Amino acid sequence: MPPWTRIDREVAGSSLWAGLAAIPAAARVILAIVWRVAPRTMILAVLLNLVGGLATVSGIVAGARVIDELITGGPTADRVVAALSAIALVAVSYSLRALLDAAAAAALGATIPRVREAAQVELHELVSQVRLIAFEDAGFGELVEQGSGAGIRAIEASLRHAGALLSASVQVLAALVAVMSLNPWLVPVTLLAMLPAAWAAAKAARLGYASFLRMVATQRRQAIAGRLLTGRDTAAELRAFTLAETVLADYRTASAALAAESTTTELRTTAVHLMGRALTGIGTGAAYAALGLLLYTGQMPLALAGAAVLAMRTSSAALSAGVHTVNQFYESSFYVALYEKLRLECRTRTRPTRPCRAPANPERIRLAKVTFTYPGQVRPALHDIDLEIRRGQVVALVGENGSGKTTLAKLVTGLYAPDSGTIHWDGADLSECSEESVAAAVAVVAQQLARWPVKAAAAVRLGRAGHLAGGGEAVFTSAVEIAGVRPVIERLPAGWDTVLSREFEHGRDLSGGEWQRFGIARALFRDSPILVADEPSAALDARAEAGVYEAFRALRDGRTCLLITHRLANVRQADQIIVLHQGKIVERGTHEELMSLRGRYHDLYDLQSAPYAEHHVEPVVRGAS
Ligand SMILES: Nc1ncnc2c1ncn2[C@@H]1O[C@H](COP(=O)(O)OP(=O)(O)OP(=O)(O)O)[C@@H](O)[C@H]1O
């Protein structure tokens, strides 16, 4: 069961009062946005609803007058003439009510897109300003997904519910006020007719949620199996492992279960509706009996009976609609609460604005006793790290999977902040520098590259957003040549104008190595004094890899390069090799120093070069040796 079904369980299991109690909090959030983006339309919608209520009162009262005129003594023609003005008022009242309802719906319709847009834009602004580490927190990730998806949809739905609820409440109230003004005894009579209908509506809604809950797991199972059968990601393995029949069998089982459940649910819902209608019938019958009693005992003149019937019909229809809306509003209120929680979380996790700027090209980067633990983890990913990197050095971070290389690179470049210890760029403590100024000095070839769905030229130029439309031509050309992007472009149907995504017409996807070439070109085009390359050649062919390392060495003139790689042959010429193991630095030095140490680096290097030594060939170090 997905985590969000908790909400449906809660709605299915709680009372109508719990639903009503949850509405004010959700309404506050929505009204705050509406008040910000469309205050006048909001006031107009409320006024239209209120005037619509007055039209209902006038319609009912006028209806009572029509009957009154028609049943009083005298010739029929005179009675009809006497009733004409009341008949006209009935017609005007109900026409006006229809017009006002339409106007209120139009006002709401005009407000909803603006509210949705305001909520979406604000949320995306807030999330984009959140510190990177927040995304390593699984709870925050889930909140972003729910808050920005279902949360935004709930804002829109709640606004509709608020409109429907306001309209229903005004109509119920109007009917009660109308009958009250005619005869106070009519109030309990009207309630008698409308309460069973309200009860039935609440019951039907709850059964709807319960049946949805019974089906949701099977529905998801069917959807997942369907995606596995038809998706692009699994298409190759599905065929290569001849898995189609296995997955199809699962799909068939889920579909059959779903069909059976649907039939049962349909029958149950029909039974509930039947019960609802029967109860409404009993309620109405009781109301008529009460009416009859009032007439019999002379508590009420006959003319008012018609008004009572009108009021009963108006109010029970409005109340049923209102009760149904309360349930929906209740469900939406949970998601609105998630949206609100996400906004608050974003605010607490926003990147701080700091006046101090980091040095544009630091002479020395120093880490002292740096410890870092990922959110929700007990064991630190890095422990007591002391490190110094000088401008122009190529520093290689090596070590087994999970030893902390990527994490260390993110700390050095200010993407994460340490839990304890300090990171200085020259005299500046990174914890006091603005994140933008730190980022300005750094270019990153990330281990998991973003596959930007943009034109090929933009995929490189994104490295320096200021030059997206053009500029930095010499740097662009050199970045493209070094990263080996040119031959890729020659193979693309529209060259530099090809969109790198199959989601667009004529768009093209790239191979893993081709994406990596774009990632390297993007970082080189950034032309920053510090380059961080995390496994930059994992997917590259031997020729491209040699070219890239050659280029990294050439960057040494005044630039600092932090290199993470498992291919140790590529780090032989690094100025410093840092060997990490379980979050600690266990060895450091040049290749020669570490080899003579005969420690962990020596063992790893030997392990990698053994196959080449056996066949008397050099390892893939053309660029590095
Ligand atoms: N988002 C995260 N949440 C929790 N733990 C994490 C997260 N990312 C990494 N870790 C853990 O932190 C430790 C260091 O991870 P890191 O990615 O820095 O290793 P690495 O040396 O770069 O590994 P690899 O060679 O596989 O890329 C590992 O134990 C890893 O499981």
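Residues numbered from 1 in each chain as written. Predicted model: local features only at pLDDT ≥ 70, side-chain atom pairs only at ≥ 80, totals over all residues.

Participant: Explain the overall build of the protein to me, and be specific about the residues and the numbers.
Facilitator: The number of helices and strands found in the protein is 18 helices and 10 strands. The C-alpha atoms of the protein give a radius of gyration of 36 Å, which is well past the 25 Å a tight globule of 625 residues would have. Seen through its C-alpha atoms, the protein measures out along the principal axes to roughly 120 × 60 × 50 Å. Buried residues in the protein amount to 37% of all 625 residues. Sequence-distant contacts, at least 24 apart, represent 79% of the contacts inside the protein between residues at least 6 apart. (Helix = DSSP H or I, 4+ residues; strand = E, 2+ residues; numbered from the N terminus. Rg over C-alpha atoms; globule rule 2.2 N^0.38 Å. Buried ≥ 20, exposed ≤ 12 C-beta atoms within 10 Å, placed from the backbone. Contact = placed C-beta atoms within 7 Å.)

Participant: Help me get a handle on the environment of L274, residues and values and all.
Facilitator: In this structure, L274 sits in helix α8 (residues 244-296). Judged by local crowding, L274 falls into the exposed class, with 11 C-beta atoms found within 10 Å. Taking the C-alpha atoms as reference points, L274 and I30, separated by 244 residues in sequence, lie 36 Å from one another.

Participant: Quick rundown of the packing of helix α4 (residues 76-128) against helix α5 (residues 138-182)? Include the residues and the values.
Facilitator: Packing of α4 against α5 brings their axes to within 10 Å, and their N-to-C directions diverge by 160°. The orientation of α4 with respect to α5, classified from their angle, is roughly antiparallel. Read as a crossing pair, α4 and α5 show a hand that is right-handed. Between α4 and α5, the residues in contact are A104, L108, T111, I112, V115, R116, A119, Q120, L123 and V127 and V144, G147, S148, I152, I155, E156, L159, G163 and S167, respectively. Of the residues in the contact of α4 with α5, the class split is 11 nonpolar, 6 polar and 2 charged. (Axes fitted to C-alpha atoms, helices over the stretch in contact; angles between N-to-C directions. Parallel < 35°, antiparallel > 145°, perpendicular 65-115°, else oblique. Left-handed = near helix turned anticlockwise from the far one by under 90°. Nonpolar A, V, L, I, M, F, W, Y, C, P; charged D, E, K, R; others polar.)

Participant: Go over the nonpolar core with me, naming the residues and quoting the values.
Facilitator: Of all hydrophobic cores here, the largest spans 71 residues; its most connected members are A396, A521 and L563. Beyond its immediate stretch of four places on either side in the chain, A396 contacts L563, T565, V571, A574, I577 and I578. Counting residues in each nonpolar core, the second largest holds 68 residues, with A83, V90, F140 and V170 among its members. (Core = buried A, V, L, I, M, F, W, Y, C linked by C-beta atoms within 7 Å.)

Participant: Summarise the UniProt feature "transmembrane region" (unreviewed entry) in the protein; cite the residues concerned and give the values.
Facilitator: UniProt annotation of "transmembrane region" (unreviewed entry) refers to residues 16-35, 42-67, 79-100, 162-179, 185-205 and 278-296 when read in the numbering used here. As annotated, residues 162-179 comprises 100% helix and 0% strand, and the C-alpha atoms at either end are separated by 26 Å. Taken as a whole, residues 278-296 contains 100% helix and 0% strand, while its terminal C-alpha atoms sit 26 Å from one another. (UniProt positions renumbered as here; feature names shortened; annotations may be inferred.)

Participant: Describe the pairing of strand β9 (residues 576-581), and please don't skip the residues or the numbers.
Facilitator: As paired strands, strand β3 (residues 394-399) and β9 are joined by 5 bridges and run parallel to one another. Across the sheet, V395 pairs through a bridge with Q576, a residue of β9. The sheet contact formed by β9 and strand β10 (residues 584-589) spans 5 bridges and is antiparallel. Residue pairing across strands places L580 opposite I585, the latter belonging to β10. Here β9 folds back onto β10 in antiparallel fashion, the turn holding 2 residues, of which Q582 has a positive phi close to 45°. (Pairing = 2+ DSSP bridges.)

Participant: Break down the environment of M194 for me, citing the residues and quoting the values.
Facilitator: Position of M194 relative to the elements: it lies in helix α6 (residues 186-230). The exposure class of M194 is buried, given the 28 C-beta atoms found within 10 Å.

Participant: I'd like to hear about the site of the ligand, residue by residue, with values.
Facilitator: Around the ligand there are 13 residues in total, and Y374, A381, N401, T406 and T407 lie nearest to it. Here the shell around the ligand gets 3 residues from one element, more than from any other, and that element is helix α10 (residues 405-412). For the shell around the ligand, the per-class residue count stands at 2 nonpolar, 9 polar and 2 charged. (Near = placed C-beta within 6 Å.)

Participant: Tell me about the sheet that holds strand β2 (residues 382-390), and please be specific about residues and values.
Facilitator: One open sheet holds the 4 strands; their spatial order is β2-β1-β4-β5, and the pairing between them is antiparallel. At either end of the open sheet lies a strand with only one pairing partner, and these are β2 and β5 (428-429). Relative to β5, strand β4 (residues 420-425) runs antiparallel, the two sharing 2 bridges. Along β5, the bridge assignment pairs W425 with A428.

Participant: Mind laying out the sheet that holds strand β8 (residues 560-564), listing which residues take part and the relevant values?
Facilitator: The strand order across the open sheet formed by 6 strands is β6-β7-β8-β3-β9-β10, and the pairing between neighbours is mixed. Sheet topology places β6 (442-445) and β10 at the edges, where each strand pairs with a single neighbour. Each neighbouring strand pair of the sheet contributes to a mean axis angle of 15°, computed without reference to strand direction. The strands that α10 touches are β3, β7 (530-534), β8 and β9; relative to β8, the one it contacts most, it runs at about 160°. Most of the contacts of helix α15 (residues 512-526) go to β6, to which it runs at about 175°, and overall it touches β6 and β7.

Participant: So what about the confidence of the model for the protein? Which residues, and what values?
Facilitator: When pLDDT is low, close inspection of the predicted coordinates is not appropriate. In this model, the protein carries an average pLDDT of 85, and 93% of its residues clear a pLDDT of 70 or more. pLDDT under 50 marks residues 619-625. Its contacts with residues more than four places away, or in other chains, come to 21 contacts. Across the whole predicted complex the pTM is 0.73, and at the interface the ipTM reaches 0.97. (pLDDT = per-residue confidence, 0-100.)

Participant: Can you tell me about the packing of α5 against helix α9 (residues 303-349), naming the residues and giving the values?
Facilitator: When two helices pack together, their arrangement is given by the angle between the helix axes and by the axis-to-axis distance. One can describe the packing of α5 onto α9 by two numbers: an axis separation of 4 Å at closest approach and a directional angle of 160°. Taken together, the axes of α5 and α9 are roughly antiparallel relative to one another. In terms of crossing hand, the pair formed by α5 and α9 is left-handed. A per-class count over the contact of α5 with α9 returns 31 nonpolar, 14 polar and 2 charged.

Participant: I'd like to hear about helix α7 (residues 232-240), residue by residue, with values.
Facilitator: Working note: α-helix, 3.6 residues per turn, so residues spaced by three or four point in the same direction. Among the 9 residues of α7, 0 are classified as buried, and the element is accordingly described as predominantly exposed. A positive backbone phi angle near 40° is found at T242, which sits one or two residues after α7.

Participant: Help me get a handle on the pairing of β7, residues and values and all.
Facilitator: In terms of burial, β7 is a largely internal element, 5 of the 5 residues being buried. Both faces of β7 are covered, namely the face carrying I530, V532 and D534 and the face carrying L531 and A533. Bridge count for β6 against β7 is 4 bridges, and the pairing is parallel. Bridge pairing in β7 links A443 to L531. Here β7 runs beside β8; their pairing, made up of 5 bridges, is parallel. Following the sheet pairing, L531 is matched in β8 by C561.

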